[in-house]
Amino acid sequence: MPLAHAIETRRVITVRDGVTGITMDSLIQEEPLIIDVEWPGGGAHFTTTMRTPGDDFALAVGLLATEADVTRDDIHQTRYCVGPGNVQDYNKVTVALKRPITLNAASLRPVSCGWCGAADLANRLVPTGTADAPPVLTEGALFALSEEFAHRQKQFDSTGASHAALIRTQDDSIIIGEDVGRHNALDKAIGHAVLDKIALANGTVLLSGRAGSDLVLKAARAGLSHVCSVSAPSALAVEIATQAGVTLVGFLRPGRFNVYSHPEGIAETYDATRALR
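About the thresholds
Residues numbered from 1 in each chain as written. Predicted model: local features only at pLDDT ≥ 70, side-chain atom pairs only at ≥ 80, totals over all residues. Heavy atoms only, no water. Helix = DSSP H or I, 4+ residues; strand = E, 2+ residues; numbered from the N terminus. Buried < 20%, exposed > 50% of the residue type's maximum accessible area, 1.4 Å probe, protein only. Contact = heavy atoms within 4.5 Å. Areas by Shrake-Rupley, 256 points an atom, 1.4 Å probe, with all protein chains shown as cover. Axes fitted to C-alpha atoms, helices over the stretch in contact; angles between N-to-C directions. Parallel < 35°, antiparallel > 145°, perpendicular 65-115°, else oblique. Left-handed = near helix turned anticlockwise from the far one by under 90°. Nonpolar A, V, L, I, M, F, W, Y, C, P; charged D, E, K, R; others polar. Pairing = 2+ DSSP bridges. Polar contact = N/O pair within 3.5 Å; in protein donor to acceptor, adjacent residues only side chain to side chain. 1 Å grid on protein atoms, 1.4 Å probe; cavity = no way out; pocket = protein on both sides within 12 Å on 5 of 7 lines; lining within 4 Å. Points joined across faces, edges and corners; volume = space filled by probe spheres on them.

A. Representation of the overall build of the protein chain within the structure. Within the protein chain, the secondary structure is distributed over seven helices and 12 strands. Within the protein chain, the proportion of its 277 residues that are buried is 48%. Of the contacts formed within the protein chain by residues at least 6 apart in sequence, a portion of 50% connects residues at least 24 apart. Here the protein chain displays about 13,000 Å² of accessible surface, and carbon together with sulfur accounts for 53% of that area.

See the structure below:
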């Protein structure tokens, strides 16, 4: 399978105020990715997920980091598979590990979604939490992150059809993941950090879609202390954030945002801490 482009251009018909025309439009690509895992003496199929081609190694590693506690030191190699006739298959990735891992039913799910196919949902509701002494962010820092986010979404600028996750770490590193799937976008960002050995502990992530419970849990497992979204969180997301010690911010827009858990993580809302207890 040849390497696909993330964005495809096609001719489309437009209708504007009753006037029909023809123009070229950019469409985001969506293809399946098979992720296998191998280790000395063994291996297994991990998952098959729909994704936007590109950053496939980061996506695979990000999933393994949040689903199976795989670290950069565990990884020997990431590679695309070679099929019959020595043809490289860019829709199949193998992550070679230095040690065996346990892949339970929750990990072997059909799509890149935190809950889909999960057999042990109750166990997955127990977050690992973040590192000690999480930072206190200012309103200005949140608005600056939102502005940075707007300038970093290259696929969305071209297609209007991609999700994004932007992580700012404690040392001010910026990591962006973009994909047609909102879970994939976060996994790609986390995967880049793991591969580049960038510490995520007490970092902040901004999500392009709603803050679902699965994304908040994924962020908490990665050690992020602040989860922000341009849209709303779910009730379960708030519950998980509260349990995990994560400051959850929703509706982050120019000049406004809501805080749903641990307001002590935002300097100007520290005095409102009791209101959310």
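That covers the picture; the talk isn't over yet.
B. Molecular detail of the packing of helix α6 (residues 213-221) against helix α7 (residues 235-244). Packing of α6 against α7 brings their axes to within 8 Å, and their N-to-C directions diverge by 20 degrees. It follows that α6 is roughly parallel to α7 by the angle criterion. α6 and α7 meet at a crossing whose hand is right-handed. Listed contacts from α7 to Ser213, Val216, Leu217 and Ala220 of α6 are Leu236, Ala237, Ile240, Ala241 and Ala244. Tallied by class, residues from the contact of α6 with α7 come to eight nonpolar, one polar and no charged.

C. View of the pairing of strand β4 (residues 42-51). Pairing of strand β3 (residues 31-39) with β4 involves nine bridges; the strand directions are antiparallel. When the sheet's bridge partners are listed, Asp36 is paired in β4 with His45. The hairpin turn running from β3 into β4, its antiparallel successor, is two residues long, and Gly41 in that turn takes a positive phi close to 85 degrees.

D. Quick look at the environment of His45. Assignment of secondary structure puts His45 in strand β4. With 49 residues separating them in the primary sequence, His45 and Thr94 have C-alpha atoms 9.0 Å apart. At a separation of 2.8 Å, a polar atom in the side chain of His45 contacts the side chain of Asp36. A polar side-chain atom of His45 sits 3.4 Å from a polar atom in the side chain of Thr48.

E. Main features of the sheet that holds strand β6 (residues 88-97). The strand order across the open sheet formed by four strands is β4-β3-β6-β5, and the pairing between neighbours is mixed. Lying at the two open borders of the sheet, with one neighbouring strand each, are β4 and β5 (75-82). Strand-to-strand twist in this sheet, taken as the mean axis angle between neighbours without regard to direction, amounts to 25 degrees. Where β3 lies against β6, five bridges are found, and the strand directions are parallel.

F. Region of interest: the sheet that holds strand β9 (residues 204-207). Pairing is mixed across the open sheet formed by six strands, whose spatial order is β8-β7-β9-β10-β11-β12. Two strands lie at the open edges of the sheet, namely β8 (174-179) and β12 (256-261), each paired on one side alone. Strand-to-strand, the axes of this sheet are offset by a mean angle of 20 degrees, without reference to chain direction. Judged from the six bridges that link them, strand β7 (residues 163-168) and β8 form a sheet pairing that is antiparallel. Note on β8: the bridge partner recorded for His163 is Asp179. Contacts between helix α5 (residues 182-195) and the sheet are confined to β7, β8 and β9, with β8 contributing the most and set at about 145 degrees to the helix.

G. Region of the structure containing the packing of helix α1 (residues 56-68) against α5. Running from N to C, α1 and α5 cross one another at 90 degrees; their axes reach a closest spacing of 6 Å. Judged by the angle between their axes, α1 and α5 are roughly perpendicular. Across the interface between the two elements, Phe57, Ala58, Leu59, Val61, Gly62, Leu63, Ala65 and Thr66 of α1 pack against Asn184, Asp187, Lys188, Ile190, Gly191, His192, Val194 and Leu195 of α5. Here the residues of the contact of α1 with α5 sort into nine nonpolar, five polar and two charged.

H. Geometry of the layout of surface pockets. Taken as a whole, the largest pocket spans an internal volume of roughly 310 Å³. Where the lining of the largest pocket is concerned, the elements lending two or more residues are α1 and α5. In terms of residue count, the dominant contributor to the lining of the largest pocket is α5 (three residues). Split by residue class, the lining of the largest pocket holds 10 nonpolar, two polar and five charged.

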